[in-house]
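So the chains spell out like this:
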There are 2 protein chains.
Amino acid sequence: MSDNAKDFTQASASNPSTLAEPSSVIINKSAHEFDKTLFDSLLSRRFFFAPSFEIYGGCAGFFDYGPPGSALQANILEVWRKHFIIEEDMLELDTTIMTLSDVLKTSGHVDKFTDWMVKDVVNGEIFRADHLVEAVLESRLKGDKEARGQAAAPPAAEDDKKKKKKKVVKSTAVKMEDSVVKEYEFMLAQIDNYTGAELGEIIKKHNIVNPETGNQLSTPVEFNLMFQSEIGPTGHVKGYLRPETAQGHFINFQRLLEFNNGRVPFASAQIGRSFRNEISPRQGLLRVREFTMAEIEHYVDPKDKSHPRFVDTKDVVLQLLPKDVQERGETTMTNMTVGDAVGQKIVDNETLGYFLGRVQLFLEKIGIDPKKLRCRQHMGNEMAHYASDCWDFEIQSSYGWIECVGCADRSAYDLTVHSNKTKQKLVVKENLTEPNVYQKLDIQLEAKPFGMKFKKDAKSIEAVIRGYTQEQLAQVKAELEEKKETTVKLEGGAEHVVTDDLIKIQEITVSEHIREYTPNVIEPSFGIGRILYSLLEHSYWARESDVARGVLSLPPVVAPIKCLIVPLSANSDFVPLINEICKPRFDSMSAKLRRAGVASRVDASGASIGKRYARNDELGTPYGCTIDFASVANGTLTLRERDTTDQLIGKIEDVIAVTVALCNGQMEWKDACEKLEKYSGTQEVE
Amino acid sequence: MSDNAKDFTQASASNPSTLAEPSSVIINKSAHEFDKTLFDSLLSRRFFFAPSFEIYGGCAGFFDYGPPGSALQANILEVWRKHFIIEEDMLELDTTIMTLSDVLKTSGHVDKFTDWMVKDVVNGEIFRADHLVEAVLESRLKGDKEARGQAAAPPAAEDDKKKKKKKVVKSTAVKMEDSVVKEYEFMLAQIDNYTGAELGEIIKKHNIVNPETGNQLSTPVEFNLMFQSEIGPTGHVKGYLRPETAQGHFINFQRLLEFNNGRVPFASAQIGRSFRNEISPRQGLLRVREFTMAEIEHYVDPKDKSHPRFVDTKDVVLQLLPKDVQERGETTMTNMTVGDAVGQKIVDNETLGYFLGRVQLFLEKIGIDPKKLRCRQHMGNEMAHYASDCWDFEIQSSYGWIECVGCADRSAYDLTVHSNKTKQKLVVKENLTEPNVYQKLDIQLEAKPFGMKFKKDAKSIEAVIRGYTQEQLAQVKAELEEKKETTVKLEGGAEHVVTDDLIKIQEITVSEHIREYTPNVIEPSFGIGRILYSLLEHSYWARESDVARGVLSLPPVVAPIKCLIVPLSANSDFVPLINEICKPRFDSMSAKLRRAGVASRVDASGASIGKRYARNDELGTPYGCTIDFASVANGTLTLRERDTTDQLIGKIEDVIAVTVALCNGQMEWKDACEKLEKYSGTQEVE
């Protein structure tokens, strides 16, 4: 099915004049201007999703999924679970959303998961400071260009998505000094790197005000993006709603490792809700305060990041946008296999490459258009300081290129900080077949005389000595050999001389049979709502005959409803057959379809058959079974395919069997055309 | 599979002496004393679930599900989704957890979703007031009985579950006055009905203190069980984490109805996380602060609560505990079909009966022991004032009978309050085939002279008149006929005389073509964690040969892993075959199993085969495929069944095919025994 949809795209892309063709020809959206208004209207009218608490006036950043949206999401997650958790034998987790503040303090979220906000000092309107500064500076540059009579070309390598994030500010044609223009351009290039204080200075120096009111703005204030609450009745236990599921994996690492019989590599995976209290969300499903994520944490030996299944994905082709290209200010993408990308060290290691390939396959499987999918590497200053490589799968929609899946090598950072904080070991113990034999300097103290000499200070002095590194010990050894004594400085500053009768430093041979290490973590992290929204845009087009009504060419595997069952009319001759096929009993055919896992719906409403089909085209329902006069006379059903509107006819049982096979992915439409006859009866009225 | 497990239960229940039989015989927990310590140890050791933030010291009421727990939960939810949403064509929803405070104010949760708490005035320990009072009174009654030399029989009709909720208080043998005993018994019978002030009086009058410290307790304070937070940066928008998913359905009712083409009955369904900030949770998975629910809201015409599929469930047998039995102080259960229960008006209506049957079937399908499942009706004082009937599915575990699914008829309450608050219509419009024709009294005012006469009061007077009921209008009509005038009282108390030249009341004929009504809501609501925990207890038993290790007889449909693949040893002769079957590539057999939706795991660890089987018995893995010497020589596999430990042998392809069929529920073990040969080779070493 998705192949069909892709063929249409290609056909119309290569022939934009299809607009002028007869109305039976399918018109893809790439030939038309994508009409966001009509598209949004479809999503709302068919209740894919709608603002939460709508009858109470709504609240920005919250959306409820209606029946087709929920089913689409559930189906995407089901594919995800099979593609990753089941097929790759990952360890599934389901940890709490409410998270003890200590955990998120350690992970750095309490201190660093913030944005800077400014307030209109008169009306109290709140803005995200960086977004506002960026919007105002860009509008002034645009105004300057207009005043200079230049076309406002998009700055090279500008990230499309940023345009959409911020409040749009109208430009006025005002020419500025050349030096000011330069300063503005410099600031814009640095915009992600400014601290709150620096943003405040820029606002002051460049007289940035609320573009709507002209009112002054407050000093930038840090705003933590986590929702906070209190656990239990005491008021003393603070909790946050998790901003990602990842920390729930990390703090359970030791139990997961044990479950995996102590072996790495392995991966944990979790699907769940996370929360970010965005300052001022404005982009529909792409920037929300509550969202469903699916995250994988793959634990790997830092010395060996190969992957046993690498060969299975090495031929997957990715559309890459590596960091060096971006750093040259370009956005040219390269098609390259995973194998080549890893071989040429563009992607850091096999495991990361393996996951890039698997993610690409997953996104294609659910119906994302591969031409609107790219794999963008983070530039040096974009990455967290601990990350060794990071790639985002960005999907192109009417909002630009939006990050939908992040694939980062988080190194040993998270496990290390939680382990340090809790004093719990979060490490892998590897039995070495060959013991690791090496020389090291060892300290021997003469405990009794040492204690008698230093009395109350003895313990502190010993602690300092025991804390020496091997390099320091080598120095002490040399000192003792030369001067027969060494000086130990305590934390307070006090110094004590230790003579060589009390301390010996000797080289010894160590033979280790167990290697203990903190694994590195490679994390593919999926924003399900963003993927779902992008998929809806990619699936949307309209027939020439009825542009106001859309079609969603969702692949059967994710389509909310797989099969529509329509009685041609409510004519009394049909009643016995309608009963047999549609009656709301468990022994009817529609019930059997549903029990075979094929979500079907009967539409016996009074609307014309064309309207009923159109309604289901908008829901993305790939197949329709029609009960008509021939059904009554000959026991046949017709089967309609959504994208082509082609119809086949056959015995009821055969049509049902073909439908099940089509929906379960065991058959394609071209195979169905061989199994059943082409329907040459009355054409449906569109 | 579940049939097998049930057979064991019956066998050992009828023959408790199985304990003395040879060690190969399977011993069910009903023959043994259920060992909660061993059971809990299994759940923790195998990471079914564990306290959240464990390495940070944990936090009461929060649990993380590990790999087998998550997979078990995901499988239960998958069955739920197929059994209800897909098979019954329900409208799935996915609404936000974070809920605008206005919504929960209207639903009554902000004001009424509270418990009373008291504090130890010295050490600050917090108790739920009703639980503490109940525990102390009961312990004193017990002490009294002991002093009187009576056995402390459980009070009739006492709800087992209550015993577990509260802090256990030790009793001391102290005799009390007969009148005091009576007073205590009266208070205990009323315990759920006391207000906070009344609880405070009882605490004072009966000198109830913290049983551990003897310290005085504070006055009861109301504590709202919802987690509160703030939305956005202003601090003015209050939100709560939803305590149930139901309100998300109700506020979307109009969109749902429209999606269903304006027709009732239909149902919406949602699976999701909810939160209750319990004062002092102590019962493991049965009382938690964050939990997964699955809720159905079925909208039905209040005048017609029949159900089109009723015949499909009318023969389902329920174990009923109706309210009249409980009100007589008894707990005798009756086995009765859904059809009889509705026919005899024990269950209020067909739709409610239908859902009781469907819930029963669902719980049996996932492996709940029907003998430990009862359907208890709420007594009059237990039900919400608006509910017309309510039944709880209670499952018996070591904690007593615990409510796991509630089925309530919520009437039109929720839709009505939201509609009143938002002024949005939440109603069904029914086109009447026969118009509804009736007589009614109609008011005619002479607008101009009326306005001139009453001037500024005209509008208020008219509003009062227009607000009259038909009965009041009939009175006014009579008055006008008799006295030629009527007196209208305004809200402030002012009276105005309206003469019959200004007002006429006439009988007119109304013909309505549309009936508008607020549907009633029947709600089955599932606590997934409680069901999951009960299922684990019901599935648990131990083999005579190794009591310390348990077996979980989970049905294949919900088992976390369906099939274990075990190479007998790491002998180099096995390597090629192991590679073919187990290698972590997508073309191996284990991968094919997984791709057929059969979650499988390879255990090639060094542990003995017996240990590896035992490990997977503890995980509830129903089948094991063993690669042994015969596999290498003859291309065969053996297939082991978990509960009987019986083994079959066959060609590799055949064994794989049988395993897939067994796991997908297309075959039972007895059929497998006919397809494959009994394995008579070396017996596995347990």
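All residue numbers refer to position in the chain's written sequence, counted from 1. Key to labels: chains lettered from A, ligands numbered from 1, both in the order written. At least 70 in pLDDT is required for a residue's local features to be given in this predicted model, at least 80 for side-chain atom pairs to be given and counted, and no such filter applies to totals for whole chains, interfaces and linings, which use all residues. With hydrogens and water excluded, all non-hydrogen atoms of the structure serve as input to the side-chain values.

Before going further, it helps to examine the pattern of salt bridges. Any Lys or Arg side-chain nitrogen found within 4 Å of a carboxyl oxygen on Asp or Glu counts as a salt bridge. Using the criterion set out here, one finds 86 salt bridges over all chains in the structure. A salt bridge links Arg410 of chain B to Glu523 of chain B, with the nearest nitrogen and oxygen atoms 2.6 Å apart. You can see Arg410 of chain B sitting in strand β16 (residues 400–411) and its partner Glu523 of chain B sitting in strand β21 (residues 520–527), a full 113 residues away along the chain. Neither Arg410 of chain B nor Glu523 of chain B differs from the other in exposure class; each is buried. The shortest N-O distance in the salt bridge between Lys483 of chain B and Glu479 of chain B comes to 3.9 Å. Of this pair, Lys483 of chain B and Glu479 of chain B both sit in helix α19 (residues 470–483), four residues apart, which is roughly one turn of that helix. The rule is simple: take the accessible area with a 1.4 Å probe, protein chains only, and divide by the maximum for that residue type; under 20% is buried, over 50% is exposed, in between is partly exposed. A residue is classified by how much of its surface remains accessible, and Lys483 of chain B, at 49% relative accessible area, is partly exposed. Bridged by salt links that share partners, the residues Glu87, Glu88, Arg309 and Arg358 of chain A form one connected network. Helix and strand labels come from DSSP, where a helix needs a run of H or I of at least four residues and a strand needs a run of E of at least two; each type is numbered from the N terminus.

Another aspect to go through is the interface of chain A and chain B. Where interface size is quoted, it is often the accessible area lost as the parts come together. We call two residues contacting when some pair of their heavy atoms lies within 4.5 Å. Facing the 98 residues of chain A at the interface are 97 residues of chain B. With both sides pooled, the region where chain A packs onto chain B buries about 8300 Å², and carbon together with sulfur makes up 59% of that total. Our enumeration of links across chain A and chain B arrives at six salt bridges. The partner of Asp89 of chain B in a salt bridge is Arg601 of chain A, and the shortest N-O contact between them spans 3.5 Å. Any pair of nitrogen or oxygen atoms within 3.5 Å is treated as a polar contact; in protein, a donor-acceptor pairing is required on top of that, and neighbouring residues in sequence qualify only through side-chain atoms on both sides. At the boundary of chain A with chain B, the tally comes to 35 residue pairs in polar contact (both at pLDDT 80 or more). With 11 residues, helix α3 (residues 67–86) of chain A is the largest single contributor of residues to the side of chain A that touches chain B. Class assignment for the residues of the side of chain A that touches chain B results in 42 nonpolar, 26 polar and 30 charged. A 1.4 Å probe defines the accessible area here, and the buried area is the portion of it lost by two parts on being joined, summed over both. Each residue receives one of three labels: charged for Asp, Glu, Lys and Arg, nonpolar for Ala, Val, Leu, Ile, Met, Phe, Trp, Tyr, Cys and Pro, and polar for the others, Gly being one of them.

What fixes the domain bounds is an automatic or database domain assignment. The domains assigned to chain A are domain 1 (2–96 + 242–413), domain 2 (114–224), domain 3 (434–514) and domain 4 (561–678). Between the C-alpha centres of domain 1 of chain A and domain 3 of chain A there is a distance of 54 Å.

Our next topic: the environment of Gly529 of chain A. Residue and element names in this part refer to chain A. Checked against the element boundaries, Gly529 lands in helix α20 (residues 528–539). Linking Gly529 and Arg287, residues 242 residues apart in sequence, is a C-alpha distance of 9.2 Å. Excluding residues that lie within four positions of it along the chain, Gly529 makes contacts with Tyr65, Leu285 and Thr292.

Residues and elements named next belong to chain B. Sheet topology places strand β4 (residues 98–100) next to strand β9 (residues 237–241); three bridges connect them, and they run antiparallel. Bridge assignment links Met98 to a residue of β9, and that residue is Leu241. A pair of strands is considered paired only if DSSP assigns at least 2 bridges between the two. Note: strand β8 (residues 228–231) against β9, four bridges, orientation antiparallel. In the sheet register, Ile231 faces β9, and the bridge partner there is Val237. Linking two consecutive strands that pair antiparallel, namely β8 and β9, is a turn of five residues; a positive phi of about 75° is found at Gly232 within it.

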